[in-house]
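Residue-level structural notes
Single-letter residue listing:
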Amino acid sequence: MTPLAYSDLRQRTRERDRSLREKVMSLEEAAKLVSDGDHLAVGGCTASRTPFAMIWALVRASKRDLTVSRSIMSTEGDIFYASGLSTHLITSWFSQGIVWGVSKVMRAYTESKRARFEEWSHMAMGLRYRAGAMGVPFLPMRSMLGSDVLGMVSGDGEGPADASFAAAKTMECPFTGETLLAVPALNPDVAIIHVQRCDAYGNAQLDGLTFMDIDIAMAANRVILTTERVVSNEQIRRHPDQTKIGFFTVDAVVEVPFGCAPHECYGLYEPFYSHMDMYAEMTARDPEAGARAYLERFYHEPKDWADYLSRIGMAELLDAQRRGSGIYDD
Amino acid sequence: MTPLAYSDLRQRTRERDRSLREKVMSLEEAAKLVSDGDHLAVGGCTASRTPFAMIWALVRASKRDLTVSRSIMSTEGDIFYASGLSTHLITSWFSQGIVWGVSKVMRAYTESKRARFEEWSHMAMGLRYRAGAMGVPFLPMRSMLGSDVLGMVSGDGEGPADASFAAAKTMECPFTGETLLAVPALNPDVAIIHVQRCDAYGNAQLDGLTFMDIDIAMAANRVILTTERVVSNEQIRRHPDQTKIGFFTVDAVVEVPFGCAPHECYGLYEPFYSHMDMYAEMTARDPEAGARAYLERFYHEPKDWADYLSRIGMAELLDAQRRGSGIYDD
Amino acid sequence: MTIEATRMSLAGTLAPQDYTASELLGVMSARLLKDGQTVFAGVGIPLLAAILAQKTHAPGLTILFEGGVIGPFVEAGKLPPSTNEQRCTRRANMLVSITEVLLMLQRGYVDVGFMGGAQIDRYGNLNSSYIGDARNPKIRLPGTGGGNDIASLADMIVAMKHEKRRFVEKVDFITSPGFINGGQTRAAAGLPAGGMFRVVTDLGILGFDAETRQMMVVALHPGVTAADIKANTGFELPVPADVTTTEPPTPEELAILRELDPEQLYTA
Amino acid sequence: MTIEATRMSLAGTLAPQDYTASELLGVMSARLLKDGQTVFAGVGIPLLAAILAQKTHAPGLTILFEGGVIGPFVEAGKLPPSTNEQRCTRRANMLVSITEVLLMLQRGYVDVGFMGGAQIDRYGNLNSSYIGDARNPKIRLPGTGGGNDIASLADMIVAMKHEKRRFVEKVDFITSPGFINGGQTRAAAGLPAGGMFRVVTDLGILGFDAETRQMMVVALHPGVTAADIKANTGFELPVPADVTTTEPPTPEELAILRELDPEQLYTA
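What you see as residue numbers is a count from 1 along each chain, following the sequence as written. All chains are assigned letters beginning at A, and all ligands numbers beginning at 1, according to the order in which they are written. Reporting of local features is limited, given that this is a predicted model, to residues whose pLDDT is at least 70; pairs of side-chain atoms are given and counted only at 80 or more, and all residues count toward the totals for whole chains, interfaces and linings. No hydrogens and no water enter the side-chain calculation; it runs on all heavy atoms of the structure.

Chain C is annotated in an unreviewed UniProt entry as 3-oxoadipate--succinyl-CoA transferase subunit B of Ancylobacter mangrovi.

As named in an unreviewed UniProt entry, chain A is CoA transferase subunit A, taken from Ancylobacter mangrovi.

Below you can see the structure in the form of structure tokens.
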């Protein structure tokens, strides 16, 4: 997780086919772009635009030993631990959501030291992806200083307790002499991002909140887009100033309606709250057994994504959609 | 032009009224927000979205000793020198435009050393504004190294020949050991930016190319927006993801149709090419006398902005508008 | 006495049994926000209190949410489960990326940071990461989110329940820095701007000494004594002789809060 | 001989008097661009040549302009006066800020940088800033624009007129770095990526020795001799014995160029 040498970063990018070409494929095909041991970055934030269909496909493909980073983790973090997909998450906040309390699955795995939750400030996560997007090995910032959040990942002096954690380093500003924190670039091996629409080349237009997704797409070495709809390149070219993720960063496009369920996709559907409540209940008493049962019923048994949605339930889906489009009512 | 100490930057921002309030005023009132000696940043690039109406008002208000920065300077750079508004421009490229050859006005003033043209790379200009926008004193980058462009502004060793130039400093990356260039933040005293539309609070939506304007608005200590149209706050709130410059950065909103003439405003009018040719011709033989004559006729004599536009000519205006809206023909 | 308060006392002053501790927190912290300010509000009570302020005395309050939202009007009865869902964005002036909205803090555009807290110490340091030793914790908490950034870069208001186990001599882990070890230690760590301004609890309102940066009582809520608040604090907490008493929540404030959060997502 | 060249020779090969030096430059440099590549094109001949390539052998060429334009199709007869006007954006895939499009170079997303040049030296360093001493110049030129960034971060193609006063032993000022002082000096200055690939002139196509990084001839245009190109170069320019001759512009290529630039903005 230390920044790549520039020559290595350039070499990895040079080897990619960045040309304007069609790249529509299935979830199963896209899952093959992720290798065991990769650093996977996840788009969206908390319960918003979580690329759940792709996560679902990665769990079904039995990926292992991924290091997973995201701005803020919600229930997908539980899924990463409980499925065995990852034992190392990098994020600023991790629980289902404040209204559901502290994640019992997270607690079970981290307190028993079977899994790590590497904590950085929210802005540090954002600037680490941004440094990666800019092709620089670090960016300077002014928070985390003086805190134990820094202490856990500091590369000053003896360095962090666990050397596989990335390090942040305090530095003196060459102009003002002020103390700044240099946070190291993140260039994920693969990013998975869900969007409202994109074309077959991967030109994506996002509505509403973009979170850290634009920087993540630029920083990553491969990008898998899942999308509610694939639209024509003609439609994209009519409003090029609305394209937020460019085709040249994208390696796979997968059309998956309701691809964030049970989380939300801005303007289309809100979180599936009853399902989220049900999940919280399932994992309340025996978090690990509850998460296993949830994975069995919603990840391993469904024959396809439509079957997964069926198990969540039609009434719930319609309700989430009605609430989702409500943002445009005013 | 060296970066502000953080406490000074914060203090200047704290003193501003950043609340949601109406701030529509005239060009003449807005000109009062600019003081002699200020660092003025100019939005747009080359012949695009140049805030010419505001520049026109500043020339008419006889501002002096401004340091002016912009991504790339075109004919407005000539105007700054010839009007006496500035003898110090900071930019990456300065001439009317490649098709008109090297600016003779620029040559006359700089070669005689009556005025300075401080040259930074285009990306350095962008990252200097961005550092200012982010509230950090510098950003690291990987160009300018090894060039004489750096040599002219380097703060390494003995420093730049002229100490009033800002300095860039090479640094060693604390993570990779690579050589990087640290470029110092620009936090202009005032930014002038022209937009297609904004509300009375200064929430601006931009179409097409945004150049460096978003960073400039965030970096500056005061922002004057000129706009083709003032729209309602209700309209802005219907598409908040289209707001590119937030009200909290803006101190003045001035409605000025064709506020970029004779340059272009994306989607509304292209450059007034005949007028640009005429200007090139006027300044071809005796650049200084030509520029003076141009200033007299188009800056000092007109009784108002409509009179200025009349002198450019109705037919030319209609033609520029026809060509401008043509971008949406496909 | 303000006109509003006069009207309330005519209508009959509310007593503690008329509202929950969370409702008291919401009302008292909302009152600290001023019209025209820019407030960066965390999830939970801060989100609720900022909306309440906007609907009462501060209609021109600009709310920022860390999801990337600038100047929204969240709808009553549709509170978001975090500051990152579309419900946060209703009728916003502007949406930006997460990184951009956090950089607004760093650039200095934000007047007040406003968050909840799980554990706080005498210097206003907050812990939301670990209970016990961080390398061998009893409880792993959800972590900082934007908390560290907000507390590092803005003048802070914190809203939290007043319990001895939450008001400790020294937090187990500094997630969001207050004045660190007091005096000038915050600035010395590289944080020259911002710092704790007020801590609002269900017992009173707390401030910090200008020199030592130690927590002290500024006001007590109706019915709360100096002894009560000391008894519920895990460190020596000075109560000045001239300490004031806050005005109780008004029926109007409570009505708005209850309309905002009918399902008691944040005010249970 | 390619099918296209065969067709041309049947139709009658064009001779130098059939095209201008600028047209020759445009055609020869367009041919160096490959389908599927991403090319960052400067204003002038590069802009024109990139569009020509797109309309001939490289329909999937992605053009980047420094105004913030990704993947446009500029319309014939409507060339922009710089890479920053709306004419650059026609039918683009994406528009971003200037800083963002330049950072794409730094991030490594660009295959080829493609610019014009005013003065070049044996190591491919370019000057577009000053003629004479920079601190007391004879002529102040317009400066770098994106040139320095492009040349610092991408593999470069430069298109320029071949004149002795332009091909000098050492440029007066390094605006856009080539191989600096040759050998490993470019990487040592902090520029491990990119560097000069080809210089296209109206006399031939030039490359750089893999070790010394000195300029050498790769191909001569029809009717140009080794003696001609040496005579027009201000430094020792090696011409290998096996130097090839380029295919002359085809009528098709010239027709497209002339349709693109009917007012001869760039091809006068």
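Right, picking up where we left off after that structure.
Here's the deal with the overall build of chain C
We count it as follows: In this description a helix means any DSSP run of H or I spanning at least four residues, a strand means any run of E spanning at least two, and both kinds are numbered starting from the N terminus. The quantity called the radius of gyration is restricted to C-alpha atoms. Its globule counterpart is 2.2 Å times the number of residues to the power 0.38. Only protein chains enter the accessibility calculation, which uses a 1.4 Å probe; a residue is then buried when its area is under 20% of its type maximum, exposed when over 50%, and partly exposed in between. By definition in these notes, contact holds between two residues if any of their heavy atoms fall within 4.5 Å. Every accessible area reported is derived by Shrake-Rupley at a probe size of 1.4 Å, with residue values counting cover from the shown protein chains alone. Positive: Lys, Arg. Negative: Asp, Glu. His and the chain ends are not part of the count. One atom stands in for each charge, and that atom is NZ of Lys, CZ of Arg, CG of Asp or CD of Glu.
Of regular secondary structure, chain C possesses 8 helices and 15 strands. Relative to a compact globule of 268 residues, whose C-alpha radius of gyration would be 18 Å, chain C shows 18 Å and is just as compact. Taken along its principal axes, the extent of the C-alpha atoms in chain C is 50 × 45 × 35 Å. Split into buried and exposed, the 268 residues of chain C put 62% on the buried side. In chain C, the proportion of contacts linking residues at least 24 apart, taken out of those at least 6 apart, comes to 67%. With the model as given, the accessible surface of chain C reaches about 8,900 Å², and the carbon-plus-sulfur share is 54%. For chain C, the separation between the mean place of its 23 positive charges and that of its 28 negative charges on side chains is 3 Å.

With respect to the overall build of chain A
Scanning chain A for helices and strands turns up 13 helices and 12 strands. In terms of overall dimensions, chain A is globule-like: its C-alpha atoms have a radius of gyration of 20 Å, near the 20 Å expected for 330 residues. Seen through its principal axes, chain A has C-alpha atoms that stretch 60 × 50 × 40 Å. Across the 330 residues of chain A, 68% fall into the buried class.

Remarks on the confidence of the model for chain C
Low-pLDDT stretches of the model should not have their predicted coordinates read in fine detail. All names here are of chain C. To keep it simple, the criterion reads: Confidence of the predictor at the level of single residues is captured by pLDDT, which takes values from 0 to 100.
Model confidence for chain C is summarised by a mean pLDDT of 93, while 96% of its residues fall at 70 or above. Confidence drops under a pLDDT of 50 for residues 1–10, and excluding neighbours within four residues, the segment shows 9 contacts in the predicted structure. Interface scoring of the predicted complex returns ipTM 0.96; its pTM is 0.97.

Here we look at the packing of aromatic side chains
Condition: The aromatic pairing rule takes the rings of Phe, Tyr and Trp, using the six-membered ring of Trp, and pairs them if the centres are within 6.5 Å, calling planes under 30 degrees apart stacked, those over 60 edge-to-face and the rest tilted. We call a charge positioned over a ring when the NZ of a Lys or the CZ of an Arg lies within 6 Å of the ring centre and within 35 degrees of the ring normal.
Following the criterion strictly, the structure yields 36 aromatic pairs over all chains and no others. With a centroid separation of 6.5 Å and an interplanar angle of 85 degrees, the aromatic rings of Phe298 of chain B and Tyr308 of chain B are classed as edge-to-face. Placement of Phe298 of chain B in helix α11 (residues 287–300) and of Tyr308 of chain B in helix α12 (residues 305–312) is noted, with a sequence separation of 10 residues between them. Exposure class is identical for Phe298 of chain B and Tyr308 of chain B. Each is buried. These aromatic residues form a ring-pair network of at least three members: Trp56, Tyr279, Tyr294, Phe298, Tyr299, Trp305 and Tyr308 of chain A. Taking the ring centre of Trp120 of chain A as reference, the NZ or CZ of Arg128 of chain A above it sits at 4.1 Å. The residue whose ring lies beneath Arg198 of chain C is Phe197 of chain C, and the NZ or CZ to ring-centre distance is 4.2 Å.

So, the interface of chain B and chain D
Under the convention used in this document: Each of two parts loses accessible area, computed with a 1.4 Å probe, when they are put together; buried area is these two losses added. When a carboxyl oxygen of Asp or Glu is within 4 Å of a side-chain nitrogen of Lys or Arg, the pair counts as a salt bridge. Only Asp, Glu, Lys and Arg are considered charged in this grouping, and only Ala, Val, Leu, Ile, Met, Phe, Trp, Tyr, Cys and Pro are considered nonpolar; every other residue, Gly among them, is considered polar.
Across the contact, 58 residues belong to chain B and 52 residues belong to chain D. Both faces combined, the contact of chain B with chain D buries some 4,400 Å², and carbon together with sulfur accounts for 58% of it. The largest share of the area that chain B buries against chain D comes from Met123, Met152 and Leu209 of chain B, three residues that together contribute 13% of it. Applying the counting rule to chain B against chain D returns 3 salt bridges. For Arg130 of chain B, the salt bridge is made with Glu100 of chain D, and the minimal N-O distance between the two is 2.9 Å. Broken down by element, the residue count for the side of chain B that touches chain D peaks at 5 residues, all from helix α6 (residues 122–134) of chain B. Partitioned by chemical class, the residues of the side of chain B that touches chain D number 28 nonpolar, 18 polar and 12 charged.

Things to note about the pairing of strand β5 (residues 138–141) of chain B
Residue and element names in this part refer to chain B. Note the following rule: What makes two strands pair is DSSP finding at least two bridges between them.
Burial along β5 is two-sided: Phe138 and Pro140 and Leu139 and Met141, pointing in opposite directions, are all buried. As defined by bridge partners, β5 adjoins strand β7 (residues 179–184) across 4 bridges and the pair is classed as antiparallel. The residue bridging Pro140 from the neighbouring strand is Ala182, located in β7.

Re the side chain of Ser143 of chain B
Short version of the rule: In protein, a polar contact means a hydrogen-donor-capable atom and an acceptor-capable atom, both N or O and within 3.5 Å, with residues adjacent in sequence counting only if both atoms are side-chain atoms; elsewhere, any N or O pair within 3.5 Å suffices.
Here Ser143 of chain B is to be found in the loop between β5 and α7 (148–153). Side-chain polar atoms of Ser143 of chain B contact the side chain of Asp149 of chain D, separated by 2.5 Å.

A few points about the sheet that holds strand β6 (residues 119–121) of chain C
One open sheet accounts for 3 strands, arranged β7-β6-β11 (chain C); its pairing is mixed. Of all strands in the sheet, those bounded by a partner on one side alone are β7 (126–127) and β11 (167–168) of chain C.

Remarks on the interface of chain A and chain C
Taken together, the 58 residues of chain A in the interface contact 52 residues of chain C. Taking both partners together, chain A and chain C bury about 4,500 Å²; carbon and sulfur atoms supply 57% of that area. Taken as a group, Met123, Met152 and Leu209 of chain A account for 13% of the area that chain A buries against chain C, more than any other trio of residues on that side. Counting across the chain A and chain C interface gives 3 salt bridges. Seen at the junction of chain A and chain C, the total is 29 residue pairs in polar contact (both at pLDDT 80 or more).

A word on the pattern of salt bridges
According to the stated counting rule, one finds 60 salt bridges over all chains in the structure shown. As a salt-bridge pair, Glu253 of chain D and Arg31 of chain D come within 2.8 Å of each other at their nearest N and O atoms. Here Arg31 of chain D lies in helix α2 (residues 21–31) and Glu253 of chain D lies in helix α8 (residues 251–260), a separation of 222 residues in the sequence. When salt bridges that share partners are traced, they join Glu270, Asp319, Arg322 and Arg323 of chain A together with Arg87 of chain C into one network.

Examining the sheet that holds strand β15 (residues 244–245) of chain C
All names here are of chain C. The condition is simple: To obtain each axis, a line is fitted to C-alpha atoms, and for helices this fit is confined to the stretch in contact; angles are then taken between N-to-C directions over 0 to 180 degrees.
Overall, mixed pairing links the 10 strands, which are arranged β4-β3-β2-β1-β5-β10-β12-β13-β14-β15 in an open sheet. Only two strands of the sheet have a single neighbouring strand rather than two, namely β4 (94–95) and β15. Sheet topology note: the strand β5 (residues 112–116)/strand β10 (residues 155–159) ladder contains 5 bridges and is parallel. Residue pairing for β10: Gly113 is matched across the bridge by Met156. Seen against the sheet, helix α2 (residues 21–31) touches β5, β10 and β12 (195–200) and runs at an angle of roughly 135 degrees to β12.

Description of the state of the cysteines
Note the threshold: Two cysteine sulfurs form a disulfide in these notes if their separation is within 2.5 Å.
Enumeration over the complete set of coordinates arrives at 0 disulfides over all chains. Between Cys45 of chain B, a cysteine without a disulfide, and Cys88 of chain D, which holds the nearest cysteine sulfur, the sulfur-to-sulfur distance is 10.0 Å. Cys45 of chain B sits in the buried class, given a relative accessible area of 0%. Under the relative-accessibility criterion, Cys88 of chain D is labelled buried at 0%.

Quick look at the environment of Thr13 of chain C
Residue and element names in this part refer to chain C. Residue placement: Thr13 occurs in the loop between α1 (3–11) and α2. On the basis of relative accessibility, which here comes to 53%, the residue Thr13 falls in the exposed class. The sequence separation of Thr13 and Pro248 amounts to 235 residues, and the corresponding C-alpha distance is 7.2 Å.

Describing the packing of helix α5 (residues 104–111) of chain A against helix α11 (residues 287–300) of chain A
Any two packed helices are characterised by how steeply their axes cross, that is the angle between the axes, and by the distance between the axes. All names here are of chain A. Note the following rule: Oblique is the label for every angle not falling under 35 degrees (roughly parallel), over 145 degrees (roughly antiparallel), or within 65 to 115 degrees (roughly perpendicular). It is the rotation of the near helix from the far one that decides the hand of a crossing: anticlockwise by less than a right angle makes it left-handed, clockwise makes it right-handed.
Direction vectors running N to C along α5 and α11 enclose 120 degrees, while the axes themselves pass 9 Å from each other. Judged by the angle between their axes, α5 and α11 are oblique. Relative to α11, the crossing made by α5 is left-handed. Together, Lys104, Val105, Ala108 and Tyr109 of α5 and Pro287, Glu288 and Ala291 of α11 make up the contact between the two elements. Each residue belonging to the contact of α5 with α11 can be placed in one class, and the counts come to 5 nonpolar, no polar and 2 charged.

Side note on the environment of Val190 of chain B
Residues and elements named next belong to chain B. Positionally, Val190 belongs in strand β8 (residues 190–199). Residue class for Val190 comes out buried when judged on its relative accessible area of 0%. With 32 residues separating them in the primary sequence, Val190 and Arg222 have C-alpha atoms 4.6 Å apart. Discounting residues that sit within four places of it in the chain, Val190 has contacts with Leu33, Val34, Asp38, His39, Leu40, Ala41, Ala220, Arg222 and Ile224.

Side note on helix α3 (residues 52–60) of chain A
Residue and element names in this part refer to chain A. Of all 9 residues making up α3, 8 are buried, and the element is well covered by its neighbours. Among the residues making up α3, those that are buried are Phe52, Ala53, Met54, Ile55, Trp56, Ala57, Leu58 and Val59. Of the residues one or two after α3, Ser62 is the one with positive phi, at around 55 degrees.

Focus: the environment of Pro262 of chain A
Residues and elements named next belong to chain A. As for its placement among the helices and strands, Pro262 is situated in the loop between β12 (252–255) and α10 (273–282). Classification of Pro262 as buried rests on a relative accessible area of 3%. When the C-alpha positions of Pro262 and Ala53 are compared, they lie 10.0 Å apart, and in sequence the two are 209 residues distant. Beyond its immediate stretch of four places on either side in the chain, Pro262 contacts Phe52, Pro271, Phe272, His275, Met276, Tyr294, Tyr308 and Ile312.

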